[in-house]
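Here are the chains, one letter per residue:
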Amino acid sequence: MAIYEIGLLSSIMESMGRRIIFLRHGKLELPYESHDDMPFEVLRSLGTQTMDPPSDIAYLDSSTNHLRTLLNEFRFSTIFRSPSLRCSTLEQYIHSITPQPIPPAEELEGLREIWFDLNKLFPSQNASVKDIAPKLIAGLLAGDPGIESVENISRRLKDVTDHFPQSGDVLILTHGFLMRFIISTEKYSDSPKELTRAGWEAIPKFGYLEGFNVEEGKPLRYI
């Protein structure tokens with residue numbers, strides 16, 4: 001079991017008058033429908049963050065109604081995003097369709113995706129997609145050197161919470177694996193400082209442009 005140092009959701013809920021919306025980036029501008037269709041080497045390059053494709057504009061165009069519904073429901077006064085191109089592309093697109101002015105995003109290093117190296121996790125340098133996900137979770141829990149440590153992820157998320165305003169609607173553009181970490185370390189753990197495999201398995205994977213909303217006094221809501 002891995003021990004982490006911060007409950008991000010608890011930190012968010014300590015402040016009244018604040019709604020935090022986490023949103024995963026759009027489909028990558030690559031010739032694959034999803035990560036499930038990507039070959040081993042492409043997944044490895046994404047994991048080590050040596051490949052940084054933007055979000056696919058055609059996909060964002062097909063999802064305009066979904067994004068506009070989100071923009072109409074909330075009045076975002078603050079935006080934070082990961083440094084990745086897929087998140088910066090999404091930010092630019094949101095600004096192009098928003099019904100009301102919203103500020104430019106602040107780029108936060110703490111919102112980048114969890115780092116991993118599939119060559120270290122799979123020395124044979126070959127694995128199917130169905131083998132990779134459980135290996136990532138097991139490696140994270142076990143402190144495997146092939147994946148970023150829980151302690152490091154927790155430290156950078158603490159930096160993210162330090163930037164949060166005390167009120168208003170906040171939009172956070174980030175990554176699916178990191179979003180699952182945020183929820184699983186708090187919502188489904190047996191202990192407030194214990195990260196468990198059950199915590200990961202109890203929450204769904206986030207699809208493109210999916211996310212969740214956190215608000216004081218209300219249950220976490222998936223978007």
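The preceding data block contains the structure.
What you see is a predicted model, and the numbers here were worked out from it, not measured in a lab.

About the criteria used
All residue numbers here refer to positions counted from 1 along the written sequence of the relevant chain. Thresholds applied to this predicted model are a pLDDT of at least 70 for local features of residues and 80 or more for the giving and counting of side-chain atom pairs; totals over whole chains, interfaces and linings are not thresholded and use all residues. To get the side-chain values, take all heavy atoms of the structure and skip hydrogens and water. Pairing between two strands requires that DSSP report at least two bridges joining them. Strands here are runs of E lasting at least two residues and helices are runs of H or I lasting at least four, both read from the DSSP assignment and numbered beginning at the N terminus. Contact between two residues is taken to exist if any of their heavy atoms lie within 4.5 Å; hydrogens are not considered. The angle between two axes is taken between their N-to-C directions and runs from 0 to 180 degrees, where each axis is a line fitted to C-alpha atoms and a helix contributes only its stretch in contact. Aromatic pairs are defined between Phe, Tyr and Trp rings, using the six-membered ring for Trp, whenever the two ring centres lie within 6.5 Å; interplanar angles under 30 degrees are classed as stacked, those over 60 as edge-to-face, and all others as tilted. Here the term buried applies to any residue with accessible area under 20% of the maximum for its type, exposed to any over 50%, and partly exposed to those in between, with areas from a 1.4 Å probe on protein chains only. Throughout this description, the term salt bridge denotes a Lys or Arg side-chain nitrogen within 4 Å of a carboxyl oxygen of Asp or Glu. Roughly parallel means an angle under 35 degrees; roughly antiparallel means over 145; roughly perpendicular covers 65 to 115; every other angle is labelled oblique. Side-chain classes follow a simple rule in which Ala, Val, Leu, Ile, Met, Phe, Trp, Tyr, Cys and Pro form the nonpolar group, Asp, Glu, Lys and Arg form the charged group, and the remainder, Gly included, forms the polar group.

Caption draft 1: Representation of the sheet that holds strand β3 (residues 76-81) within the structure. Strand order in the open sheet formed by six strands is β4-β3-β5-β2-β7-β8, with mixed pairing between adjacent strands. Both outer strands of the open sheet, β4 (106-107) and β8 (221-222), are each paired with one neighbouring strand and no more. Taken together, the two bridges between β3 and β4 define a ladder with parallel strand orientation. Its bridge partner being in β4, Arg81 is matched across the sheet by Glu107. Helix α4 (residues 64-73) rests against β2 (18-24), β3 and β8 of the sheet, and its axis sits at about 170° to β2. Across the sheet, helix α5 (residues 85-97) lies against β2, β3 and β5 (168-174), angled at about 135° from β5, the strand it touches most.

Caption draft 2: Region of interest: the packing of aromatic side chains. Counted under the stated rule, the structure contains seven aromatic pairs. An angle of 15° between the planes, with centres 4.6 Å apart, marks the rings of Phe22 and Phe212 as stacked. Highlighted residues: Phe22 in strand β2 and Phe212 in strand β7 (residues 211-215), separated in sequence by 190 residues. The residues Phe22 and Phe212 share a single accessibility class, namely buried. Judged by centre distance (5.9 Å) and plane angle (45°), the ring pair of Phe206 and Tyr222 falls under tilted. Placement of Phe206 in the loop between α10 (197-201) and β7 and of Tyr222 in strand β8 is noted, with a sequence separation of 16 residues between them. Relative accessible area serves as the criterion here: at 7%, Phe206 is assigned to the buried category. Among the residues examined, Tyr222 registers a relative accessible area of 34% and is labelled partly exposed.

Caption draft 3: Just the pattern of salt bridges, in detail. One pass over the structure, following the stated rule, counts eleven salt bridges. When the shortest N-O distance is used, the salt bridge between Glu215 and Lys218 registers 3.7 Å. You can call Glu215 buried: its relative accessible area is 18%. What you see here is one network of salt bridges that share partners, running through Glu109, Arg112, Glu148 and Arg156.

Caption draft 4: Broad picture of the packing of α4 against α5. Two numbers describe how α4 lies on α5: the axes approach to 10 Å, and their chain directions differ by 75°. Taken together, the axes of α4 and α5 lie roughly perpendicular to each other. Judged by residue contacts, Thr64, Leu67, Arg68 and Leu71 of α4 engage Leu90, Tyr93, Ile94 and Ile97 from α5. Residues belonging to the contact of α4 with α5 are distributed by class as follows: six nonpolar, one polar and one charged.

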